[in-house]
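Now for the letters of each chain:
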Amino acid sequence: MTSQDIKALDAGSVIQTYGRFDVAIDHGDGSRLYSPEGREYIDFTSGIGVNSIGYANKKWAEAIYNQALKLGHISNLFYTEPYARVAAELTARTGLSKVFFANAGGEANEGLIKLGRKYSHDKYGDGRSTILTLVQSFHGRTISTLAATGQDAFHKHFFPFTEGFRYVPANDFAAMEAAITPDVAAVMVELIQGEGGVLPLDVEYVKAVRKLCDERDVLLLVDEVQTGVGRTGTLFAFQQYGITPDAITFAKGIAGGLPMGGIIASEKTATVLGAGDHATTFGGNPIAAAAALEVLAQLDDATLAEVGKKGAYIRDAIASWKLPVVGQTRGLGLMLGVSTVGAAPKAIAAQCIENGLLILTAGSDALRMLPPLTITYAEIDAGLAILKTVLEGYC
Ligand SMILES: *Cc1c(COP(=O)(O)O)cnc(C)c1O
């Protein structure tokens, strides 16, 4: 099929929920992607932080193929080796205690919300179920995770939303202190707000919130759906914040392109969800788990250290251009936002794509880069050259 054929088929038969870029992708290799017509693109998106080890990763494909030949699926009523090994790897590398497997980020966060509320209900009973989230956060598209999302734009059309969420401005400790009233069960945050604009929380703020939550026995829940699995240069972002969350969620990058998500609970919350409290048909699926094992094997300490270095390399390069259209560059590792001055990020992104670089936007003011963690310096240079040319057109 040509790109035109695919677009026509989409227009005729798919519910139009996406404002798609005007590009069809047929295949990839490393951090390069190709249209059906063979047009090449450098990829700074990795499927929104998903293709953590790049495209057509041979060992990843073999792990999936070999597992599919062996056992493609079996219900969670039975034990299988792949998910158990992923759980052991995640707990060993985080110091956290136990894993629940889901299939995506929003679904993982639904489970996290249930865990947070049940912890409080088991201990304190009714009337202590409110979850505080941050203004400008994003936690998913289900009814409850939309309610958890601290952006008014997401609170339309679908009433009634799940009750029991309140929003607190980020990096404002006094506001958080005032918001933790006796009805509050948990605080739920992204350490770097991804969809909201690549907005990092301050380390001192997060440490102070951790201490406050401990004092009030309020759980600190961290949504690492975007920041997790090596994206920021450590396996999870909390490992750079000097805190231990009571539970975290992961998804996007974990299986390198197959759907998987989940919760990692600390010792304190590991037994909150018991038999019958939560479940999923597909969570921990053997093929997704085999893919995740390969992703975790490839994201060894040396590769994670490189993520930090590549992020610094990109920031240094952009700073060296000294272009007035470039504002602040923010983020950690290979989760980077570049605010633009006097030019709409969406228009810049569309122009980059025309010139052979796939790049995202975040919030209203920023370009967003989430390249595969395995991107090479040559691929980075090729992508930055396109970005520079496009940005120079605004000067
Ligand atoms: C993407 C994202 C989600 C939603 O994940 P899905 O897999 O799309 O359900 C939730 N939280 C954060 C922080 C995200 O970036």
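Residues numbered from 1 in each chain as written. Predicted model: local features only at pLDDT ≥ 70, side-chain atom pairs only at ≥ 80, totals over all residues. Heavy atoms only, no water.

**Observations regarding the sheet that holds strand 7 (residues 184–189)**
So, step 1. Across the sheet, which stays open at both edges, the seven strands sit in the order 4-12-11-10-7-5-6 with mixed pairing between neighbours. Strands at the two margins of the open sheet, each flanked by one partner only, are strand 4 (98–102) and strand 6 (165–168). Averaged over all adjacent pairs, the angle separating strand axes in this sheet is 20°, with direction ignored.
So, step 2. Summarising the sheet, strand 7 and strand 10 (residues 219–223) pair through four bridges and their orientation is parallel. When the bridges of strand 10 are listed, Ala-186 appears paired with Leu-219. (Pairing = 2+ DSSP bridges. Helix = DSSP H or I, 4+ residues; strand = E, 2+ residues; numbered from the N terminus. Axes fitted to C-alpha atoms, helices over the stretch in contact; angles between N-to-C directions.)

**Some details on the layout of surface pockets**
So, step 1. Approximately 740 Å³ is the volume found for the second largest pocket.
So, step 2. Surrounding the second largest pocket, 26 residues form its lining, Val-99, Phe-100, Phe-101, Leu-273 and His-278 being those nearest its centre.
So, step 3. Taken together, the residues that form the lining of the second largest pocket break down as 16 nonpolar, eight polar and two charged. (1 Å grid on protein atoms, 1.4 Å probe; cavity = no way out; pocket = protein on both sides within 12 Å on 5 of 7 lines; lining within 4 Å. Points joined across faces, edges and corners; volume = space filled by probe spheres on them. Nonpolar A, V, L, I, M, F, W, Y, C, P; charged D, E, K, R; others polar.)

**Some remarks on the domain arrangement of the protein chain**
So, step 1. As far as domains go, the protein chain holds domain 1 (3–52 + 301–392) and domain 2 (59–298).
So, step 2. Here the C-alpha centre of domain 2 lies 26 Å away from the C-alpha centre of domain 1.
So, step 3. The interface of domain 1 with domain 2 comprises 26 residues on the first partner and 26 residues on the second.
So, step 4. Buried surface at the junction of domain 1 and domain 2, summed over both partners, amounts to about 2000 Å²; 59% is from carbon and sulfur atoms.
So, step 5. The largest per-residue losses of area from domain 1 upon contact with domain 2 belong to Leu-304, Leu-332 and Met-335, which jointly make up 33% of the total buried on that side.
So, step 6. Between domain 1 and domain 2 we count one salt bridge in total.
So, step 7. The residue Arg-368 makes a salt bridge to Glu-195 at a minimum N-O spacing of 3.0 Å.
So, step 8. At the boundary of domain 1 and domain 2, one finds eleven residue pairs in polar contact (both at pLDDT 80 or more).
So, step 9. For the side of domain 1 that touches domain 2, the elements supplying multiple residues, two or more each, are helix 2 (46–49), helix 10 (301–321), strand 13 (326–332), strand 14 (335–340) and strand 17 (366–369).
So, step 10. If one sorts the elements of the side of domain 1 that touches domain 2 by residue count, helix 10 sits on top with five residues.
So, step 11. Tallied by class, residues from the side of domain 1 that touches domain 2 come to 14 nonpolar, ten polar and two charged. (Domains from an automatic or database assignment. Contact = heavy atoms within 4.5 Å. Buried area = accessible area lost by both parts, 1.4 Å probe. Salt bridge = Lys/Arg side-chain N within 4 Å of Asp/Glu carboxyl O. Polar contact = N/O pair within 3.5 Å; in protein donor to acceptor, adjacent residues only side chain to side chain.)

**Quick notes on the sheet that holds strand 17**
So, step 1. Here we have four strands laid out as an open sheet, ordered 13-14-17-16, and antiparallel in their pairing. Of all the strands in the sheet, just strand 13 and strand 16 (360–362) have a single pairing partner and so form its edges. For this sheet the average axis-to-axis angle between neighbouring strands, irrespective of direction, equals 30°.
So, step 2. Of the pairings in the sheet, the one linking strand 16 to strand 17 comprises three bridges and is antiparallel in character. For Ala-362, the partnering residue across the bridge sits in strand 17 and is Ala-366.
So, step 3. Packed on one face of the sheet, helix 10 meets strand 13, strand 14 and strand 17 and runs near 175° to strand 13.

**Brief notes about the pattern of salt bridges**
So, step 1. This structure, assessed with the given rule, holds 18 salt bridges.
So, step 2. The salt bridge involving Lys-58 is made with Glu-62; its shortest N-O contact spans 3.2 Å. One end of the pair, Lys-58, and the other, Glu-62, are both in helix 3 (residues 58–70), four residues apart, so they sit about a helical turn from each other.
So, step 3. Its salt-bridge partner being Lys-123, residue Asp-217 comes within 2.7 Å of it at the nearest N-O pair. Here the residue Asp-217 occupies a position in the loop between helix 8 (203–216) and strand 10, and Lys-123 occupies one in helix 5 (residues 105–124), the gap between them amounting to 94 residues.
So, step 4. Exposure remark for Asp-217: the relative accessible area of 11% places this residue in the buried category.
So, step 5. Connected through shared salt-bridge partners, Lys-118, Asp-122 and Asp-277 make up one network. (Buried < 20%, exposed > 50% of the residue type's maximum accessible area, 1.4 Å probe, protein only.)

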